[in-house]
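Coordinate inspection notes
Residue strings, one per chain:
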Amino acid sequence: MSAQASCLGAKDSLNPTLATLTASLVNVAGDAALVLGPLAMGIAGAAWATVGCQVAAALVLLRTLRRKGMLELRQLPSADELRRFFA
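The following refers to the structure shown.

Calculation notes
The residue numbering used here restarts from 1 in each chain and proceeds along that chain's sequence as written. In keeping with the model being predicted, local features are shown solely for residues with a pLDDT of at least 70 and side-chain atom pairs are shown and tallied solely at 80 or more, while totals for entire chains, interfaces and linings include all residues. Neither water nor hydrogens contribute to the side-chain values; these are computed over all heavy atoms in the structure. Strands are runs of DSSP state E lasting at least 2 residues, helices are runs of H or I lasting at least 4, and numbering of each runs from the N terminus. Here, axes are lines fitted to C-alpha atoms. For helices the fit covers the stretch in contact, and angles between N-to-C directions go from 0 to 180 degrees. Should an angle lie under 35 degrees it is considered roughly parallel, over 145 roughly antiparallel, and from 65 to 115 roughly perpendicular; all remaining angles are considered oblique. Note on convention: near helix rotated counterclockwise from far helix by under a right angle means a left-handed crossing. Clockwise means right-handed. In this analysis, two residues are considered to be in contact whenever any of their non-hydrogen atoms come within 4.5 Å of each other. By the convention adopted, Pro, Cys, Tyr, Trp, Phe, Met, Ile, Leu, Val and Ala count as nonpolar, Lys, Arg, Asp and Glu as charged, and the other residues, Gly among them, as polar. We define the nonpolar core as a collection of buried residues of types Ala, Val, Leu, Ile, Met, Phe, Trp, Tyr and Cys that are connected through side-chain atoms lying within 4.5 Å of one another. Throughout, exposure labels follow a simple rule: accessible area from a 1.4 Å probe, protein chains only, divided by the maximum for the residue type, with under 20% read as buried, over 50% as exposed, and the rest as partly exposed.

What follows concerns unusual backbone geometry. Residue K11 is not a glycine yet carries a positive backbone phi of 65°. Topologically, K11 is positioned in the loop between α1 (2-9) and α2 (14-36). Despite not being glycine, A40 shows a phi value in the positive range, around 45°. Examined against the element boundaries, A40 turns out to sit in the loop between α2 and α3 (43-67).

A separate point is the packing of α1 against α3. One can describe the packing of α1 onto α3 by two numbers: an axis separation of 9 Å at closest approach and a directional angle of 45°. The pairing of α1 with α3 is recorded here as oblique in orientation. The way α1 lies across α3 gives a crossing that is left-handed. Side by side, α1 and α3 meet where A3, Q4, S6 and C7 of the first sit next to L61, T64 and L65 of the second. Taken together, the residues of the contact of α1 with α3 break down into 4 nonpolar, 3 polar and no charged.

Turning our attention to the nonpolar core. Among the nonpolar cores identified, the biggest contains 6 residues, and these are A3, C7, A19, V60, L61 and L65. The set of elements that each furnish at least two residues to this core consists of α1 and α3. Ranked by residue count, the leading element in this core is α3, at 3 residues. When neighbours within four sequence positions are excluded, C7 is seen to be in contact with D12, P16, L61, T64 and L65.

Shown next, in the form of structure tokens:
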């Protein structure tokens, strides 16, 4: 949600709209495949479809922020840094 707010704050309403559209399409397709389709997982399938749509929206928004120079991807922390962080 903060990525969407960052885009809107930068006066960009198109990309959050596209992210929402992408998420909706992924959710509908996921529901069809995981709830009604060949896997027929029921409520668990609906949950997984929702997870997939949220990930899709996040990826679209993060890509947008990176293109606009509002997000800098850095190197992942080392194992030692993670141990110190979680200690």
